[in-house]
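# Structural overview
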Amino acid sequence: VVLLAFYAGCEPSPPAVEMPQQAQALDSCVCARYAPAAVDILPLTGFIAAGPSGADSAIEAYVALLDAFDSQIKAPGSFRFELYACAQRSAEPKGKRVTIWPDVDLTDPVKNNDYWQDFFRAYRFELPCARSQGQSYILQVTCTCSMSQRLSAELALRPDR
């Protein structure tokens, strides 16, 4: 009876099964469908007073990443902002580049969450700059996503904003 009890014990567990390459590729392909497909600068974007005196200004930029169905999503990426003077009565409205800010890397989850505004479903950036009264500008954002995909958008900033 004792031998039967030891013999009927637990059998060793089977070795861990690794996913085949096809299954891993399919899994990454499924995740790719949820990746950003476009970037958009929300119309809330505009100039704000950055200092207590009001002499300094900044651009408060709201940027949304959109998936393939135009739903606003949160995703890792690196954002580059450029400000151009608006060329009046020209076929190419982007004139001379006025400012380029250092890239903002939001691949770290904590930093990404710091910039995320859940109410707007967009990222909020404060970009310090000097502003000329009456001058129109074009703000351009380029987002480099995790799969080396570059998405770009532009927004005209009018003097009254």
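Scroll up to find the structure this text is about.
These figures come from a predicted structure and were not determined experimentally.

## What to know about unusual backbone geometry
In this structure, Asp 70 is a non-glycine residue whose phi angle is positive, near 60°. As for its position among the elements, Asp 70 is in the loop between strand 3 (57-66) and strand 4 (72-73). On the accessibility criterion, Asp 70 (58% relative accessible area) is exposed. Positive phi is not limited to glycine here, since Arg 121 has a value of about 55°. Checked against the element boundaries, Arg 121 lands in the loop between strand 8 (116-117) and strand 9 (122-129).

## Some remarks on the packing of aromatic side chains
All told, the structure shown has 9 aromatic pairs when counted by the stated rule. Taking 5.5 Å as the distance between ring centres and 55° as the angle between the ring planes, the aromatic pair formed by Phe 79 and Tyr 123 counts as tilted. Of this pair, Phe 79 sits in strand 5 (residues 77-86) while Tyr 123 sits in strand 9; the two residues are 44 residues apart in sequence, bridging distant segments of the chain. Since its relative accessible area comes to 0%, Phe 79 is described here as buried. A relative accessible area of 0% places Tyr 123 in the buried class. Members of the aromatic cluster, joined through ring pairs, are Phe 79, Phe 81, Tyr 115, Trp 116, Tyr 123 and Phe 125. We note Lys 94 situated over the ring of Tyr 84; from NZ or CZ to the ring centre the distance is 4.8 Å.

## A look at the nonpolar core
The tendency in soluble globular proteins is for nonpolar side chains to be buried as a group. One finds Ile 59, Phe 79, Phe 81, Phe 125 and Leu 139 to be the most contacted residues of the largest nonpolar core, which totals 29 residues. Considering every element that reaches this core, the biggest residue donor is strand 10 (residues 137-145), with 5 residues. For Phe 79, the residues in contact, after removing those within four places along its chain, are Val 63, Leu 65, Pro 102, Asp 103, Val 104, Leu 106, Tyr 123, Phe 125, Val 141, Thr 142 and Cys 143. Grouped together as the second largest cluster of nonpolar side chains are 5 residues, Leu 42, Tyr 62, Leu 66 and Ala 122 included.

Rules and cut-offs
- Residues numbered from 1 in each chain as written.
- Predicted model: local features only at pLDDT ≥ 70, side-chain atom pairs only at ≥ 80, totals over all residues.
- Heavy atoms only, no water.
- Helix = DSSP H or I, 4+ residues; strand = E, 2+ residues; numbered from the N terminus.
- Buried < 20%, exposed > 50% of the residue type's maximum accessible area, 1.4 Å probe, protein only.
- Phe/Tyr/Trp six-rings, centres within 6.5 Å; stacked < 30°, edge-to-face > 60°.
- Lys NZ or Arg CZ within 6 Å of the ring centre and 35° of its normal.
- Core = buried A, V, L, I, M, F, W, Y, C linked by side-chain atoms within 4.5 Å.
- Contact = heavy atoms within 4.5 Å.

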